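A look at the structure
One letter stands for each residue in the lines below.
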Amino acid sequence: EKGINVHPFYIEGRTRINVFVNDDTEEYKFVSKGGHVPQGVKDDILASIRGASDMEYLVVSGSLPPGVEPEYLDQIMAACKDNNVEVIIDISHNHLSNLLSHKPLLIKPNDEELLSVFGLRAETDAEAKDSLDTLHSLGAQNVLLTLGSKGMYFSNGDSIHFCNAPEIKLHSSACAGDSSLAAFLSIWLKDKLNIQQAIKIASAVGADVASSSGIGELSLYPQLVNKTFAKRIA
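One structure accompanies this document, and this report is about it. Keep in mind that this is a model prediction, so the values were computed, not measured.

1. Some thoughts on the pairing of strand 4 (residues 86-90)
Of all 5 residues that make up strand 4, 4 are buried, and the element is covered over most of its length. Pairing of strand 3 (residues 57-61) with strand 4, which is carried by 5 bridges, proceeds in the parallel orientation. What sits directly across from serine 61, in strand 4, is aspartate 90. Following the chain from strand 3 across helix 2 (residues 71-82) to the adjacent parallel strand 4, one finds a crossover that is right-handed. Relative to strand 5 (residues 106-107), strand 4 runs parallel, the two sharing 2 bridges. Within the sheet, the bridge partner assigned to isoleucine 88 lies in strand 5 and is leucine 106.

2. Focus on helix 4 (residues 111-118)
The set of residues buried in helix 4 consists of Glu113, Leu114, Val117 and Phe118. What you see down the axis of helix 4 is that its buried residues fit within an arc of 105 degrees, all on one side. Exposed residues on helix 4 whose side chains face more than 90 degrees from its buried face are Glu112 and Ser116. Buried residues belonging to helix 4 abut helix 3 (96-99), helix 5 (125-138) and strand 6 (143-146). The backbone nitrogen of glutamate 112 has a side-chain oxygen 3.1 Å away, supplied by the residue at the start of helix 4, namely asparagine 110. Phi turns positive one or two residues past the end of helix 4, at glycine 119, with a value near 70 degrees.

3. Side note on the side chain of serine 203
Its place among the elements puts serine 203 in helix 7 (residues 195-210). Residue serine 203 is classed as buried on the basis of its relative accessible area, which comes to 6%. Once you skip the residues sitting within four places of it in the chain, serine 203 turns out to touch Met152, Cys163, Asn164, Ala165, Pro166, Ser180 and Thr228.

4. Comments concerning the packing of helix 6 (residues 176-188) against helix 7
Running from N to C, helix 6 and helix 7 point in directions that differ by 155 degrees, and their axes come no closer than 8 Å. When the axes of helix 6 and helix 7 are compared, the pair comes out roughly antiparallel. When the axes of helix 6 and helix 7 are compared, the crossing they make is right-handed. Taken together, the residues of helix 7 that come into contact with helix 6 (itself represented by Ala176, Ser179, Ser180, Ala183, Phe184, Ile187 and Trp188) are Ile195, Gln197, Ala198, Ile199, Ile201, Ala202, Ser203, Val205, Gly206, Val209 and Ala210. Looking at the contact of helix 6 with helix 7 residue by residue, the class counts come to 13 nonpolar, 5 polar and no charged.

5. As for helix 5
With 14 residues, helix 5 should reach 20 Å at 1.5 Å per residue; the first-to-last C-alpha distance of 20 Å fits that figure. For helix 5, the set of buried residues is Ala128, Ser131, Leu132, Leu135 and His136. Taken around the axis of helix 5, the buried residues stretch over an arc of 140 degrees, which confines them to a single face. What points out from helix 5, more than 90 degrees from its buried face, is the exposed set Ala126 and Ser137. Tucked into the core, helix 5 has its buried residues touching strand 5, helix 4, strand 6, strand 7 (152-155) and strand 8 (160-163).

6. Observations concerning the packing of helix 1 (residues 39-51) against helix 2
Closest axis-to-axis distance for the helix 1/helix 2 pair is 9 Å, and the angle between their directions is 20 degrees. Regarding the angle of helix 1 to helix 2, the classification is roughly parallel. Helix 1 and helix 2 meet at a crossing whose hand is right-handed. On helix 2, the residues that touch Lys42, Ile45, Leu46, Ile49 and Arg50 of helix 1 are Tyr72, Gln75, Ile76, Ala79 and Cys80. Split into classes, the residues belonging to the contact of helix 1 with helix 2 amount to 7 nonpolar, 1 polar and 2 charged.

Calculation rules
- Residues numbered from 1 in each chain as written.
- Predicted model: local features only at pLDDT ≥ 70, side-chain atom pairs only at ≥ 80, totals over all residues.
- Heavy atoms only, no water.
- Buried < 20%, exposed > 50% of the residue type's maximum accessible area, 1.4 Å probe, protein only.
- Helix = DSSP H or I, 4+ residues; strand = E, 2+ residues; numbered from the N terminus.
- Pairing = 2+ DSSP bridges.
- Right-handed = clockwise from strand over helix to strand, strands pointing away.
- Arc of directions from axis to C-beta.
- Contact = heavy atoms within 4.5 Å.
- Polar contact = N/O pair within 3.5 Å; in protein donor to acceptor, adjacent residues only side chain to side chain.
- Axes fitted to C-alpha atoms, helices over the stretch in contact; angles between N-to-C directions.
- Parallel < 35°, antiparallel > 145°, perpendicular 65-115°, else oblique.
- Left-handed = near helix turned anticlockwise from the far one by under 90°.
- Nonpolar A, V, L, I, M, F, W, Y, C, P; charged D, E, K, R; others polar.
- Expected span 1.5 Å × (residues − 1).

Next comes the structure, spelled out in structure tokens:
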């Protein structure tokens, strides 16, 4: 309906299905591993990247399915470099630290991943600044660091910005991070100086999806975006 071309790569296994349960106090996640990805499909994906004539950006997100080793991501990064494609990474695997040597355009860790993958914290502005500086030194060109209900930071190596998270009642965190990243990219990739607008919209969209079941309908977005504020902190 939106005119977006989709090029699926089929496998024989079942598509991954995850179940999120909210008891009105805590959220519980039952995460499936998904179907096995054979070598032939991995080769086809790499060939598709190398042969794409209109690809400017590639977003790599989610967890690694069975059959996909962490080093495969290095092959994807190399294929993108050969085809002048910028890469955005949103994964929680420890291999993320190795991928920074490829100098991805943007990474989007959350506070838990920041600690588990890099041993860094962002509980204060000072900690966040030090952590963001470290990620840049490792190779990340830009960093969108999300903190859930505590907001998010963005750093491009020259300036650091913060945006709050509008208060909501959590219904399901499923797809909230993906939606937030998509919202951010929809603004930032068009104008990389329009940082504060991008993080405000990202924060509002993420909050809307988290307050909804499934991917949400963005019905609360107009209200939530008016409750976000962004500022430069460094």
